[in-house]
Amino acid sequence: MNVRIWFVSVISLLPVFLLAGRIVDYDDVLTDNGFIGPWPLQLHKARSTDIEWTEQTGYFSFKATGATPTVYTLPLIGGLPEEYNVLSFEYFATDYLDKLTIALLDAGGNERQLDTSLGIREGWSLHSISLAQIKDSWGKAGDYLRISLGDKRGYVLNIRNLHLRAPTAIEKKRNKEKAKNQASERHLLALMNSYLSASFGSQVTRVEVGKDVLTINGQAGNQDSLFLAEIPLWMDAYALDDITHIVPLGSGEVFERKVERFNPLGDDRALSRWMVTKKVGGRLTAQSHIRYPDSIYTANQYGEERPSNRKGLADFDASRPKMIEDLDSLDITSVNVNFWSREILRSKRDSATLAHVYNGRTFYINADWLEKMDATIMEATKRDIIVSAIILIDHPAVTPDKEIASLLPHPDYDPSGIYTMPDLTTKEGMIHYAAMLDFLASRYGRLDKKYGRIHHWIAHNEISAGWVWTNIGEKHPRRYMDVYHKSMRAIYCIARQYNPHAKVFISLDHHWDQVSDPQFYPATVLLATLLEFSRKEGDFEWGIAYHPFPESLFEPKSWLDKRVDYTYRSPLITFKNIEVLDAWTKQPATFFRGIKRRTIHFSEQGPNSRTYSPGDLAEQAASLAYVWKKMKALDGIETFQYHFWRDFRGEGGLQLGLRRFPDDEDPSGRKPIWYLYQSLDTPKEDEACAFARPIIGVKNWEEVIYKGDVLE
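Residues numbered from 1 in each chain as written. Predicted model: local features only at pLDDT ≥ 70, side-chain atom pairs only at ≥ 80, totals over all residues. Heavy atoms only, no water.

### A word on the overall build of the chain
Cut-off, in case you're wondering: Going along the chain from the N terminus, every DSSP run of H or I of four or more residues is numbered as a helix, and every run of E of two or more is numbered as a strand. Values of the radius of gyration come from C-alpha atoms, whereas the globule rule sets the reference at 2.2 Å times the count of residues to the power 0.38. Relative accessibility thresholds used throughout: buried, under 20% of the residue-type maximum; exposed, over 50%; partly exposed, between the two (1.4 Å probe, protein chains only). The contact criterion used is simple: two residues touch if any of their non-hydrogen atoms lie within 4.5 Å. With residues, only the protein chains shown are counted as cover, and all accessible areas are computed by Shrake-Rupley using a 1.4 Å probe. Charged residues are defined narrowly, with Lys and Arg counted positive, Asp and Glu counted negative, and His plus the chain ends left uncounted. For this purpose, a charge sits on NZ of Lys, CZ of Arg, CG of Asp or CD of Glu.
Scanning the chain for helices and strands turns up 15 helices and 31 strands. Taking 27 Å as the expected radius of gyration for a compact globule of 712 residues, we find that the chain reaches 26 Å, a close match to that expectation. With the C-alpha coordinates of the chain rotated into their principal frame, the extents come out at 80 × 70 × 55 Å. Expressed as a percentage of the 712 residues in the chain, the buried residues total 61%. Residue pairs in contact within the chain that sit at least 24 positions apart in sequence constitute 72% of those at least 6 positions apart. When the accessible area of the chain is evaluated, it comes to approximately 27100 Å², of which 50% is carbon and sulfur surface. Each charge sign in the chain was given a centre, from 86 positive and 94 negative side chains, and these centres are 2 Å apart.

### Observations concerning the pairing of strand β16 (residues 246-249)
Heads up, the rule is: Pairing between strands is defined by DSSP: at least two bridges between them are needed.
Of the two faces of β16, the one lined by V247 and L249 is fully buried and the one lined by I246 and P248 carries no buried residue. Inspection of the sheet shows strand β15 (residues 226-231) paired to β16 by four bridges, in the antiparallel sense. Counterpart to L228 in the pairing with β16 is V247.

### A word on the layout of surface pockets
What counts, and what does not: With a 1 Å grid laid over protein atoms only, a set of points is called a cavity when a 1.4 Å probe fits there but cannot get out and a pocket when it is open yet has protein on both sides within 12 Å along at least five of seven lines; lining residues have an atom within 4 Å of a point. Grid points are joined across faces, edges and corners, and a volume is the space filled by probe spheres set on the points. For this classification, the nonpolar set comprises Ala, Val, Leu, Ile, Met, Phe, Trp, Tyr, Cys and Pro, the charged set comprises Asp, Glu, Lys and Arg, and every other residue, Gly included, is treated as polar.
Taken as a whole, the second largest pocket spans an internal volume of roughly 860 Å³. Residue assignment for the lining of the second largest pocket shows that the elements contributing at least two residues are β4 (51-56), β5 (59-64) and β12 (156-165). Looking at the lining of the second largest pocket residue by residue, the class counts come to 10 nonpolar, 16 polar and 10 charged.

### Focus on the environment of K278
Spelled out, the test is: N or O atoms closer than or at 3.5 Å make up a polar contact, with two conditions inside protein: a donor-capable atom paired with an acceptor-capable one, and, for residues adjacent in sequence, both atoms drawn from side chains.
Among the structural elements, K278 can be located in strand β18 (residues 273-280). Residues K278 and L104, spaced 174 residues apart in sequence, show a C-alpha to C-alpha distance of 60 Å. Among residues more than four places away in sequence, those in contact with K278 are Q223, D224, S225, L226, R283, L284, T285 and Q287. Looking at K278, its side chain comes within polar contact range of the main-chain oxygen of D224, at 2.8 Å.

### Examining the sheet that holds strand β13 (residues 203-209)
Taking strand neighbours across the sheet as the criterion, the four strands line up as β17-β14-β13-β20 in an open arrangement whose pairing is mixed. A strand with exactly one partner marks an edge of an open sheet, and here the two such strands are β17 (254-260) and β20 (295-296).

### What about the nonpolar core?
The test is simple: Nonpolar cores were defined as sets of buried Ala, Val, Leu, Ile, Met, Phe, Trp, Tyr and Cys residues, with membership established by side-chain atoms within 4.5 Å.
Counting 145 residues, the largest nonpolar core has F339, I506 and W542 as the members making the most contacts within it. For this core, the element with the most residues is helix α9 (residues 477-495), which contributes 11 residues. Those residues in contact with W542 that lie beyond four places of it in its chain are M488, V504, I506, L527, L530, L531, S534, W584 and R598.

### Quick look at empty space enclosed by the protein
Picture a little ball the size of a water molecule; that probe, rolled over the atoms, points out where space is still empty. Within the structure shown, the criterion is met by seven cavities of 30 Å³ or more. The space that makes up the largest cavity amounts to roughly 90 Å³. Every residue along the wall of the largest cavity is listed here: L43, F62, V71, F89, L100, L118, I147, L149, L157, I159 and L162. Per-element tally for the lining of the largest cavity: the top contributor is β12, with three residues. For the lining of the largest cavity, the residue count by class is 11 nonpolar, no polar and no charged.

### Structural notes on the confidence of the model for the chain
The condition that has to hold: pLDDT: the predictor's confidence for each residue, scored from 0 to 100.
On average, residues of the chain score 92 in pLDDT, and 95% of them are at 70 or above. Below pLDDT 50 for its whole length, residues 1-35 participates in 111 contacts with residues either more than four positions away or in separate chains.

### A few points about the packing of aromatic side chains
Heads up, the rule is: For Phe, Tyr and Trp, where Trp contributes only its six-membered ring, two rings pair if their centres lie within 6.5 Å, and the inter-plane angle classes them as stacked under 30 degrees, edge-to-face over 60, or tilted in between. A positively charged side chain is recorded as over a ring if its NZ (Lys) or CZ (Arg) lies within 6 Å of the ring centre. The angle to the ring normal must also be within 35 degrees.
Inspection of the entire model under this criterion finds 23 aromatic pairs. On the basis of an interplanar angle of 45° and a centroid distance of 6.3 Å, the ring pair of Y72 and Y144 is categorised as tilted. With Y72 in strand β6 (residues 70-72) and Y144 in strand β11 (residues 144-148), the pair connects residues that are 72 residues apart, well separated along the chain. Of the residues examined, Y144 reaches a relative accessible area of 10% and is grouped as buried. Judged by centre distance (6.1 Å) and plane angle (50°), the rings of Y612 and F661 are tilted. Highlighted residues: Y612 in the loop between β30 (600-605) and α12 (614-632) and F661 in the loop between β31 (637-642) and α13 (672-679), separated in sequence by 49 residues. Owing to a relative accessible area of 5%, F661 belongs among the buried residues under this scheme. An aromatic cluster is defined as three or more aromatic residues linked by ring pairs; in this entry it consists of W628, F640, Y642 and Y677. Taking NZ or CZ as reference, R660 lies 4.3 Å from the ring centre of Y612, over its face.

Pasting the structure below:
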């Protein structure tokens, strides 16, 4: 959740919108995105049924209390333009709603309705529903909407900025090209499956990236017309074209070839892959799997740094003085820091930019952002705190530099997502992403720690909930992971040039073998695919940044979680069964190059306090004691980066913080969980945790630790 709370929503950029019943002004950003101007809708509170209705700061919260939870809008005060057939809003929901019914009613009571669903959104997300198929002549003065929340008693929906609008230019284009794009995805998936399942007679066995030269070793098959080909990162290994660099190979040759590290255009081949190909009639076909670099020349040589305990904080920011104080008061030894692409890159030089040369080209860095980031990284570094950078790619609507917005985000993203992935389908997209990474890695990987040090890198956020946090449109899990894997490799190949011990981490939420939203991906499927890439295309040192929240983010008593077990097919991994993830990384088949266990960081998690009542605060603290005692029995979890440092109004009613809200009557005051966290990994730990045993229902901590085998 550390990355989700600072999201600048698309709707917040709209010219006019309804904010909890009030109309506010906005700028003209929307014109560039093809909107004509939204029509805000007001809700009819008195007419709602089976709904517990609460108006919060800036949004409404609806809880279904009966069999027919329904909300109505007030009648339209004027006629809608004909093209206004899209219902849009932002929402936050921690449960999946399989049936959401939108009904259009006229003054005479005639109605047309459409059934859809609402996915899990653990961060404020834009959602749009086309009403074109049912709108017809609806939209006259006096017409209104009925919104029914299925029959899921207890379901909670937080919603804001409800309005009608015309389809955007992007939506029109995608609707028109939907069938063609789906056919293209099916074709590429078939090619990818064929490539990954193939047993080739040739192979590239090792790629070494030296300071000036690359050395590629391998075995050619017993056939003629074989060539060693360079496959740029932006090209699919299973859809070869525009290959410009090939080296002849002899039939059956055990080969070693050396090539200049930088090609004639100045491009760094450390980001290239290498493949044995066969040339027939001017066309290349794959004769091996590609191979990424196995070793990379590192400019700086220094020892590996590790945290001295497991206590960490998520979303560290040195602009919060009390957070800096807590680094010392809580004995924090690891943090993660958000790096938003919208803040970093600029397309043009001005007085507020810093030049960075990469691959012979000059790129520009936002100097105002850099000053703040230097301060944040240095506050951690001077305390020998391990820093993980979370790389977040913003989509165009929230990226202020329009040229960067057109180059860096993935072209298939859907605006429903909070973040996307980089565009690794074109050289320009790839080079901008690589330049950004190179700047960060070179600045924060120096031997002298002049600006501080980044030790590890988390590739994006919660990719198992990809539609929300790493949206690249509708993708099969393998196609989705192909893009994500390339992004991980780009980070790894660049970070290792400056820090010989840098790892890159896959980011996963608490859903493991099942998902509660059809637009999400099981973590088990994503990890299996990543392992397959690693086996067939050369392994690299990646770890797992896991978020083992309780089953319900609102319920701190994780020991009551129902959708968990102690098998590798557990639907979720929460505080209750963290032993499953620890055991998964002990399987030799998951090891880095078959010899080294993958590192686990718990990089974002924290129990909720429903209110500030003594009982709720005690349950929140007890939940931390529970997971901490379980974690201490496991040797595979290196860090526990607590989320969040203090309560935040933008988290849909959650109160996960160690401290209270900053606008509370006790501003940012310490909760009981703060004092508990302070005691952990100290001689006072057992005494401080004793209060939690009767809350959990155990007599000693051995009872919470699972000692059996984790089964298939």
